[in-house]
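# Secondary and tertiary structure notes
So you can see what is in the structure, the chains are spelled out below.
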Amino acid sequence: MKASTKSSVALLSVICSSMLLFSACGSNSNSKGANEGGNAGGESKKVEFKISSWAGPGKKEGMDKIIEEYKKVKPNVKVTYEEVAQSNTDFDVWMSAQLSGNQEPEVIMDFSYHNPYDKYIDKGYNILEMDPYLDKVSPYTNKKWGESFREVDLNLMRSPQNGKLNNVATSMVTLKIAYNKDMYDQLGLQIPTTYTEMIENFKKIREAKIGAEPFSGFLKAGAAWDWFARFTAQQTQEQYVPQIDTLFKNNKYQQDEYVKAIDEGIIDIRKPEVRNLYELFKEFTTYWAPGAMAMTNTEARDMWLQAKTVHAFTINIDAKPFASDMKPSFNWGTFEFPVITKDIAPTSNEDPAEFGDFADAFVVMPSAIKANIQDEVMDFIMFYTSPEMATQLADMNWITPTVVDVEPNANLEMYLPKYRPQNQIDLNSNAILGSVPRQFVFQQIQRYVLDDITIDQLVDSIDKNVKEEVAKLKKEKGWSKENDYGHK
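For the structure given in this document, a descriptive report is provided here. (Residues numbered from 1 in each chain as written. Predicted model: local features only at pLDDT ≥ 70, side-chain atom pairs only at ≥ 80, totals over all residues. Heavy atoms only, no water.)

This part covers the environment of K252. Tracing the chain through its elements places K252 in the loop between α9 (241-244) and α10 (255-263). For the pair K252 and P242, spaced ten residues apart in sequence, the C-alpha separation works out to 7.9 Å. (Helix = DSSP H or I, 4+ residues; strand = E, 2+ residues; numbered from the N terminus.)

Right under this line is the structure:
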């Protein structure tokens, strides 16, 4: 394979929580790769490199297993994996020290939601561009390596600055709605594909009085509102991203861009596409189980496991307990948050997305690679992301792989992605302005769904709070229209 000068890989979360990049430290090697023959005497020379990351459940066991399998295929290639820190935060400190001393690792596995262009490229460090390898035929699939992933996932891994692939994510977090199949069969219900169909199912379950409410909410934990806001906003507010993304165009928006958009009236809580999501959420909560407003995520899930509710939010890591000690006593399945049709929200693009973040991802640093073994490094990454290895890792660590054509166990199969991954969009929660305005919104929504305030009072209170918080930020950071919000 032909070496390129830069590359960075980012894989997607899932959820919550999701995020996730692996790193690899390279050791010195002046030998040719396994596919390059050997020396003049015909002796094959050894190739060595390291992968560095931080400790995580099952990470080392999974990586060691793949390395052991790879050695059977490439006995002259020695790959080692080391956990150099106990957390992502400690790993960032370790990486900063390595980079400042020109001792950067050859390969790292890092969180993919911390994009390499922010952590490394913008600071001048050399990251491999993986695009040239996408067209190379992987010896482990006999297809172009790029075909190992969904195009939509690859696009989200790309740098929003220049569109290049600087990292490749290997796993993601996926969130689904779990449902009780036995109760669905009893009432003759079908899996909903639209929001309207889902609400109709809720109504039929309630009307049947079969002793179970249709949903458990856990608004107390914030997850239900956060997830709902992201699911619905992805379809109804996505058109606002390019309007907000004006100061540093990267198909996302930063705090300064958000503040500017509020000043210019682009973001307005009173607009139908923002206001209506609060109304949709209130409708959604009316079908929760009694007391669900005060539940934690765990409490809500336990109600569903006890067949006291028909639905519950669930992420891919639940597949493990659901297959063993917490196995439901009923037949169950999952479905994706459905399509918001235009008759419900006229601004909807009717293009739903998966909840979650890309998780572990490879980043390669050519400046640390000795003796031109870049192709051997990428060969190992191709092996790691082959369907066979991805399936083994999925079953071992209960992760959702980004690789296509995997065949994990039956429980995990229900969490494989069907929609595109979510992008950044949520104009309802104001989390980007800080924890204080986010908490204010959260508190006001609770009052609204409990009928303590009206929708008009909700919108007015949030609108007033947003403008107050924006004024504070502008004063604190010296932002103004005149200095282009700190960009002049």
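What follows is about the side chain of T400. Turning to its location among the elements, T400 is positioned in strand β16 (residues 400-401). Residue classification places T400 among the buried residues on the basis of a relative accessible area of 1%. Among the polar contacts listed, one links the side chain of T400 to the side chain of T174, at a separation of 3.1 Å. If we skip the residues at most four places from it in the chain, T400 touches T170, S171, M172, T174, N316, Y415, L416 and P417. (Buried < 20%, exposed > 50% of the residue type's maximum accessible area, 1.4 Å probe, protein only. Polar contact = N/O pair within 3.5 Å; in protein donor to acceptor, adjacent residues only side chain to side chain. Contact = heavy atoms within 4.5 Å.)

On to the packing of helix α1 (residues 59-73) against helix α15 (residues 387-397), then. Axis separation between α1 and α15 bottoms out at 10 Å; the angle between their running directions is 150°. If you check the angle between α1 and α15, you find them roughly antiparallel. Crossing of α1 against α15: the hand is right-handed. Within the contact between the two elements, α1 uses E61, G62, K65, I66 and E69 and α15 uses M389, Q392, L393, M396 and N397. Of the residues that constitute the contact of α1 with α15, the class distribution is four nonpolar, three polar and three charged. (Axes fitted to C-alpha atoms, helices over the stretch in contact; angles between N-to-C directions. Parallel < 35°, antiparallel > 145°, perpendicular 65-115°, else oblique. Left-handed = near helix turned anticlockwise from the far one by under 90°. Nonpolar A, V, L, I, M, F, W, Y, C, P; charged D, E, K, R; others polar.)

With 13 residues, helix α2 (residues 88-100) should reach 18 Å at 1.5 Å per residue; the first-to-last C-alpha distance of 18 Å fits that figure. Taken together, the buried positions of α2 are occupied by N88, F91, W94, M95, Q98 and L99. For α2, the buried positions fall inside an angular range of 135° around the axis, keeping them on one side. The outward face of α2, more than 90 degrees from its buried face, is lined by the exposed residues T89, V93 and S100. N102, located one to two residues past α2, shows a positive phi value of around 55°. (Expected span 1.5 Å × (residues − 1). Arc of directions from axis to C-beta.)

So, about the environment of D426. For D426, the position within the fold is in the loop between β17 (420-421) and α17 (435-449). Residue classification places D426 among the buried positions, given a relative accessible area of 16%. For D426 and Q234, which are 192 residues apart along the polypeptide, the C-alpha to C-alpha distance reads 7.3 Å. Setting aside residues no more than four positions away along its own chain, D426 makes contact with A229, A233, Q237, Y253 and Y258. Among the polar contacts made by the side chain of D426, one reaches the main-chain amide nitrogen of N428 at a distance of 2.9 Å. In this structure the side chain of D426 is engaged in a polar contact, spanning 2.8 Å, whose partner is the side chain of S429.

Turning our attention to the nonpolar core. If you look at the biggest cluster of nonpolar residues, it comprises 72 residues, and the most contacted ones within it are Y195, Y278, F284, F313 and L427. For Y278, the contacting residues outside a window of four places in its chain are W225, I269, N428, I445, Y448, I455, L458 and I462. Residues I51, V79, M157 and Y384 belong to the second largest nonpolar core, which totals 43 residues. (Core = buried A, V, L, I, M, F, W, Y, C linked by side-chain atoms within 4.5 Å.)

Here we come to the pattern of salt bridges. On inspection of all chains with the given rule, the structure shows 27 salt bridges. A salt bridge links K50 to E82; the shortest N-O distance between them is 3.8 Å. Of this pair, K50 sits in strand β3 (residues 47-54) while E82 sits in strand β4 (residues 77-85); the two residues are 32 residues apart in sequence, bridging distant segments of the chain. Overall, the relative accessible area of 30% leaves K50 in the partly exposed class. (Salt bridge = Lys/Arg side-chain N within 4 Å of Asp/Glu carboxyl O.)

Here the structure, examined in full by the defined rule, presents 33 aromatic pairs. The interplanar angle of 50° and the centroid separation of 5.6 Å between the aromatic rings of F202 and Y287 together place this pair among those described as tilted. With F202 in helix α7 (residues 195-208) and Y287 in the loop between α11 (272-285) and α12 (297-305), this residue pair connects regions lying 85 residues apart in the sequence. Here the two residues F202 and Y287 agree in accessibility, since each one is buried. One Lys or Arg, K59, reaches over the ring of W54 and ends 3.7 Å from the middle of that ring. In this arrangement the basic side chain of K282 is found over the ring face of Y448, its NZ or CZ atom lying 4.6 Å from the centre. (Phe/Tyr/Trp six-rings, centres within 6.5 Å; stacked < 30°, edge-to-face > 60°. Lys NZ or Arg CZ within 6 Å of the ring centre and 35° of its normal.)

The sheet built from four strands is open, its strands ordered β11-β12-β10-β13 with mixed pairing. The open sheet terminates on both sides in strands that have one partner only, identified here as β11 (213-215) and β13 (332-335). Going from strand to strand, the sheet's axes swing by 25° on average, the running direction of each strand aside. By the bridge criterion, two bridges tie β11 to strand β12 (residues 309-315) in an arrangement that is parallel. Opposite E213, over in β12, you have T309 as the bridge partner. The strands that α7 touches are β10 (175-180), β11, β12 and β13; relative to β11, the one it contacts most, it runs at about 155°. (Pairing = 2+ DSSP bridges.)

This part takes up the environment of N483. Position of N483 relative to the elements: it lies in the segment after α18 (455-477). If sequence neighbours within four positions are ignored, N483 has contacts with G478 and K488.

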